[in-house]
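Fold and contact review
The lines below spell out each chain.
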Amino acid sequence: MTPLRVALAGNPNVGKTSLFNELTGARHKVGNYAGVTVETRAGAVVPRLSPSRPITVLDLPGTYSLTPIAEDEAVAFRCLTGAESEPPDVVALVLDAANLARNLYLAVQLLELGRPLVVALNMMDVAAEAGTPVDPEALARALGVPVVPTVARTGEGMARLVEALGSIEHVPQAISPLRARLLAGDDALPAPPDIEAARWRWLVSAAAAGTLGLAGPTAAERAALAAHPAATVTAAAHARVIARYREVDALLAEIGFTAAQRERAPAMTRSAAIDRVLTHRVWGLVIFVGVMATIFSSIFTWAEPIMGAIEALIGWLSEQVGAALGPGVFTDLLTQGVIAGAGNVLVFVPQIALLFLLLGILEDSGYMARAAFLVDRLMARVGLHGRAFVPLLSGYACAIPAILGTRTITDPRDRLATILMIPFMSCSARLPIYVLFISALFPADDRVGPFTVGSLMLVGFYALSTVSALAVGAIWKRTALRGPTPPFVLELPPYRLPRLRNTLLHVYDRTADFVRQAGTVILAVTVVLWVLLSFPRPPDAPDGGRDVAEAVQIDPAARAPEDMPSETAAAGPEDTSSDDDSPIVHSIGGRIGKAMEPVLQPMGQDFRMGIAILGSFAAREVMISTLGLVYGIEADDENQTPLRDKLREAREPDGSRRHTPLKGLAAMIFFVYACQCMSTLAVVRRETRSWKWPLVMFATMSALAYALAVLVYQVGLALGYT
C-alpha cells in the first residue's frame, strides 16, 4: 500500500518537531526558540499509533506565511505548493493554542491553497494553564477542517491525530464558508490560463516581497509576472494580505476570542516579568556573560574525576592486552594504534556530554532567544544581522548544523557572512585540545577567587573565539559583503521548564555521535597513522625500535634540578632522546613531520606537533589521538600512560621541558583559528554552491592561525617567558 504523505507545517516554535518525534519515534533536536528545523525531515508513523495505512510524515521548517523570505521558509513553500515535486497528500497544520491569534494567518493561507488539511491544536496544556483554553470544536466549525487537540511534549492526542490523517481522504472536504470567501475575493491580478490560481497568488506575493527567487518560479512564470508593472503586482499582493487578516479577525471573533487575547499571548505574561531583568540593557548582559562563563568553567572542573577514571581504565586495558599477547607488531598495533587511538579521545567524553547538557537546558528553557536579543545590539553595531547569533551559538557544539541554521537568515550576504564566521566559534571538537594542553602544562591548583586558572583559561579561549568570529563578520560586512543591516525581528518564546527526557536524549545522541566518530573515523585515521609512524623501522632496531628508545634514556640525576618537577623525579627516567634518535623520524610520517618542522619552529612546535596538525585535518579530535600515538611509539609505552602526563613529563636532551606553557598557549591559539575540519568545508561548499568560499575560508583561517601562533610565541620569548 502506498504510504500517505503528510506535511507537518506551522509557525516556528509551535512544537512541530516534538510532534514529529512523537509520531515517528525519532529523536530530532527540539529547542524552545525559532529556527531549530531548517530542512525537511521524513519519518514513518510508528505502529503503536495504529495507522489505518502507512503514513510518511515530512517535518517542514517553520514558516509564518507562504511568502518565503528565507531559505528555510522556501523549503516549506516549495513542498506545500508542489513547486519541485508532488505536493503532499495531506497537510497537518500545527497551531499553538496559547498563541492562536498569530498562528491563524498561515491557516488561512493553507485553506486558500486547497490542500486536504488537518489541524493539530498543540500546547493545549499551556493555554489551559493560562486560563484561556481554546474550544477545538468551535475552531473546527470556523475553519471547516478537522481539529485535534494535542500536547506534543507528553504525546497526548497523537492517536487521534493519526486517525484523522488516515481517514481524511475518505471524507470529502466541502468548501467551507471561509475558503469560499477567500476564493471569491479574487485578485485584481488574475492568474494566466496556464498557471494554477493558488500558485499565482504566492508568486505575486513573493514578487512584491522581493523574494521571488526563493519561490522557485519557472521561466514562463517569471515572464507572466514581468508583463505587469511592479506597482500593480505590489498592490495586488497587499490587497490579498489585507483580505486574509480580515478573515483572521473574523475567525477569532467566531470562536470567542477577546481583544486582550488577540493583542497578547497569555503564555507570555509571566515571561515578560522575567524578561525585565534578563533582557535589561545592562543587567541582562552581565547575567549572560556570567551564565556562559559558569558553563565553560564547570565543564573543565566537574568532569575531571570521570576523566581520570577513564584514563585509568584505558591504561589497565592496554596493560592487559600487552600482557596477554606479548611483545610484537600486532600487540603494538592494538595498544598503540587501536586502544590509544580511541582511548585518548574518549577521555574527553564527560566534558563533551556536560557541554551539550548545559547548552540543551538553556535552549529548552527559552533563554537562547533572549541571548540573541541581547547580543543583537552588539551585532548591529558591526553590521551583522541579529538572527545570526543563534547559528553562531550553535557553533559551540558543531559547525555543521550551525551552518545549516543560517538558512533562517533572509539576506544572502548576511547569510554568507555568518557562514564564514561560524568556523571561528570553538566547537566541541576543540574542547579536548584546550583541556589537554591546559591540564598538562598549567598549574592545576592555582585559583583566582572561586575559579581555577585552568577554567578561566578555558573561558578565555571561548571568549576569544567568539570575539574573533564577530570581528571577522564585521570585516566581511564592511568589504566584500557590504550591505544594509536589516531590522531584527525575533519571537521570544515563553519560558518553560526544560523537559529533562528530551534534553538527556539529545545529550546521549550527540555524545554517541562523538563516540562513534572516535570508534570509526578517528580510529581508522589513527591506525593508518600508526602504520605511517611505525614503518620503515630504524635500521639498527629489528625488534621494533625498543632498543633505540632504551639506549637514549638519560639518568634523571643529570637533568637540571630546576627543570624537573618532583613528581617526575619520583616517576623514574623519561624519554629525553634527541629528535634524530627518535624511532619516529625513520618512518614515513616522521619524515613528513621533519619536513614541516622549519615552518613550525617559529610557533614553538616540533615535528611531533606537525604530524598531529596534519592528522587533525580529517577531524580535530584526531590531533589528540595522533599526539598520543607519537609519544606511545617513541616510548614503546604498552601501558598507555595518560597523554597529559606524557606532555607534562617530556624532556629535551638538555633536561628542559619539551612542552612549556608558552608553547602550549601558541598551539591552542593555532587551533582557535585553524580550519581543521574537512566536513565543515564540505558543508560550506554545499550551502554556497561554490568551491570559492570554502577555499577562501581555509586559506584565510590557516594564515591567521599560523600568524597569531607565531606572534604569541615570539612575543612571549621576547618577554622572557618559556
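None of the values given here were measured: they were computed from a predicted structure. Each residue is numbered by its place in its chain's sequence as written, counting from 1. In view of the model being predicted, local features appear only for residues whose pLDDT reaches at least 70, and side-chain atom pairs are presented and counted only at 80 or more, with totals across whole chains, interfaces and linings using the full set of residues. The side-chain quantities take in all heavy atoms of the structure and omit both hydrogens and water.

Further remarks concern the overall build of the protein chain. Counting its secondary structure elements, the protein chain contains 33 helices and eight strands. A buried classification covers 57% of the 722 residues belonging to the protein chain. For the protein chain, long-range pairs separated by at least 24 residues make up 74% of all intrachain contacts whose partners lie at least 6 apart in sequence. Here the protein chain has roughly 29,100 Å² of accessible surface; of this, 64% comes from carbon and sulfur atoms. The helix count covers DSSP runs of H or I at least four residues long, the strand count covers runs of E at least two residues long, and both are numbered beginning at the N terminus. In this scheme, a residue with accessible area under 20% of its type's maximum is buried, one over 50% is exposed, and one in between is partly exposed, where area comes from a 1.4 Å probe on protein chains only. Residue contacts follow a heavy-atom distance rule, with two residues in contact if any of their heavy atoms lie within 4.5 Å. In short, Shrake-Rupley with a 1.4 Å probe defines the accessible areas, and a residue's cover is counted only from the protein chains shown.

Another aspect to go through is the sheet that holds strand 2 (residues 41–44). When DSSP finds two or more bridges between two strands, those strands count as paired. The six strands are arranged 2-3-1-4-5-6 in an open sheet whose pairing can be described as mixed. Here the strands that pair on one side only, and so sit at the sheet edges, are strand 2 and strand 6 (147–149). Put simply, the sheet's adjacent strands are angled 25° from each other on average, direction ignored. Pairing between strand 1 (residues 4–10) and strand 4 (residues 90–96): five bridges, direction parallel. Bridged to Ala 9 within strand 4 is Leu 93. A fitted line through C-alpha atoms represents every axis, and for helices the fit uses only the stretch in contact; the resulting angles, taken between N-to-C directions, go from 0 to 180 degrees.

Here the focus is the state of the cysteines. When the sulfur atoms of two cysteines come within 2.5 Å, that pair is taken as a disulfide. Within this structure, the stated rule accounts for zero disulfides. Distance from the sulfur of Cys 677, which forms no disulfide, to the nearest cysteine sulfur (Cys 427) is 6.8 Å. Look at Cys 677 and you get buried, because its relative accessible area is 14%.

This part is about the nonpolar core. Remark: nonpolar core denotes a set of buried residues (Ala, Val, Leu, Ile, Met, Phe, Trp, Tyr, Cys) joined through side-chain atoms within 4.5 Å. Formed by 119 residues in total, the largest nonpolar core has its most connected members in Met 292, Phe 296, Phe 437, Met 623 and Leu 627. Residues in contact with Met 623, not counting those within four places in the same chain, are Ile 433, Phe 437, Met 609, Ala 612, Ser 616 and Phe 671. Core analysis: the second largest hydrophobic core is formed by 62 residues, Leu 100, Leu 104, Ala 142 and Ala 215 among them.

Each residue carries a pLDDT score, the predictor's confidence in it, ranging from 0 to 100. In the predicted model, the protein chain carries a mean pLDDT of 82, and the fraction of residues at 70 or more is 87%. Segment residues 542–577 is flagged for pLDDT under 50; beyond a separation of four residues in sequence, or across chains, it makes 56 contacts in the model.

A few words on the environment of Ala 140. Residue position: Ala 140 is located in helix 5 (residues 136–143). Remark: the alpha-carbon pair of Ala 140 and Val 119, spanning 21 residues in sequence, is separated by 8.3 Å. Other than its neighbours up to four places away in sequence, Ala 140 contacts Val 145 and Val 147.

What follows covers the pattern of salt bridges. Here, a salt bridge means any Lys or Arg side-chain nitrogen found within 4 Å of an Asp or Glu carboxyl oxygen. Tallied over the full model, the rule gives 21 salt bridges. Residues Arg 686 and Glu 687 are paired through a salt bridge, measuring 3.5 Å at the closest nitrogen-oxygen approach. Among the residues examined, Arg 686 registers a relative accessible area of 46% and is labelled partly exposed. A cluster of three or more residues bridged by salt bridges with shared partners is formed by Asp 606, Arg 608, Glu 634, Glu 652 and Arg 658.

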